[in-house]
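Listed here are the chains, written in short residue letters.
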Amino acid sequence: MHTVVLVSLVIVSLALIVVVLLQSSKSAGLSGAISGGAEQLFGKQKARGMDLILHRATIVLAIVFFILAIAITKI
């Protein structure tokens, strides 16, 4: 059981890394937040198409990652 959870955790973590790297950048980092990029935080610009799919996949994979990380400590 421990091996199955560990292998699943490695696969999910690699998938999470790939999905995050495939996403397009939303702002220019800290300079984008200072110069007005912060309005994206309040829903002015919605994700569309592939960005939406990658965004949702990131959320799902992050939740699965944390569940598996907690599960591996209990086994």
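Here, residues in each chain are numbered from 1, in the same order as that chain's written sequence. Given that the model is predicted, a residue must reach a pLDDT of at least 70 before its local features are reported, and side-chain atom pairs must reach 80 or more before they are shown or counted; all residues, however, enter totals for whole chains, interfaces and linings. The basis for every side-chain value is the complete set of heavy atoms in the structure, and neither hydrogens nor water enter the calculation.

Under an unreviewed UniProt entry, the name given to the chain is Protein-export membrane protein SecG, and the source organism is Lysinibacillus capsici. UniProt positions are given in the numbering used here, feature names are shortened, and annotations may be inferred rather than shown by experiment. Here is the UniProt Function (unreviewed entry) comment for the chain, exactly as written: "Involved in protein export. Participates in an early event of protein translocation." Word for word, the UniProt comment on the chain under Sequence similarities (unreviewed entry) is "Belongs to the SecG family."

**What about the environment of Arg56?**
Secondary structure elements are taken from DSSP: a helix is a run of H or I of four residues or more, a strand is a run of E of two residues or more, and numbering for both begins at the N terminus. Along the polypeptide, Arg56 turns up in helix 3 (residues 50-74). Residue class for Arg56 comes out exposed when judged on its relative accessible area of 53%. As for Arg56 and Val19, which are separated by 37 residues in sequence, their C-alpha atoms are 9.9 Å apart. For every residue, the accessible area (1.4 Å probe, protein chains only) is compared with the maximum for its type, and the residue is labelled buried under 20%, exposed over 50%, or partly exposed between those bounds.

**Structural notes on the packing of aromatic side chains**
Pairing of aromatic side chains here covers Phe, Tyr and the six-membered ring of Trp, requires ring centres within 6.5 Å, and sorts the geometry by plane angle: under 30 degrees stacked, over 60 edge-to-face, intermediate tilted. Taken as a whole and judged by the stated rule, the model has one aromatic pair. Plain terms: the ring middles of Phe65 and Phe66 are 5.7 Å apart, the flat faces sit at 75 degrees to each other, and that makes the pair edge-to-face.

**Notes on the environment of Val4**
Mapped onto the fold, Val4 is located in helix 1 (residues 2-22). Classification of Val4 as exposed rests on a relative accessible area of 53%. The spatial distance from the C-alpha of Val4 to the C-alpha of Ile72 is 9.7 Å, given a sequence separation of 68 residues.

**Details of the UniProt feature "transmembrane region" (unreviewed entry) in the chain**
Annotation from UniProt places "transmembrane region" (unreviewed entry) at residues 53-72. For residues 53-72, helix accounts for 100% and strand for 0%, while the C-alpha atoms at its two ends are 28 Å apart.

**Quick word on the nonpolar core**
For the purposes of this section, nonpolar cores are sets of buried Ala, Val, Leu, Ile, Met, Phe, Trp, Tyr and Cys residues that join through side-chain atoms within 4.5 Å. Grouped together as the largest cluster of nonpolar side chains are nine residues: Val5, Leu9, Val12, Leu16, Val19, Leu54, Leu61, Leu68 and Ile72. For this core, the elements supplying multiple residues, two or more each, are helix 1 and helix 3. The element that contributes the greatest number of residues to this core is helix 1, accounting for five residues. Note on contacts: a residue pair is in contact if any heavy atoms of the two residues lie within 4.5 Å. With sequence-adjacent residues up to four places away left out, Val19 is seen in contact with Leu54, Ala57, Thr58 and Leu61.

**What about helix 3?**
How far a helix is expected to stretch is found by multiplying one less than its residue total by 1.5 Å. If you check helix 3, its first and last C-alpha atoms are 36 Å apart, about what 25 residues at 1.5 Å a residue would give, namely 36 Å. Residues Leu54, Thr58, Leu61, Leu68 and Ile72 constitute the buried set of helix 3. The inward-facing, buried residues of helix 3 contact helix 1.

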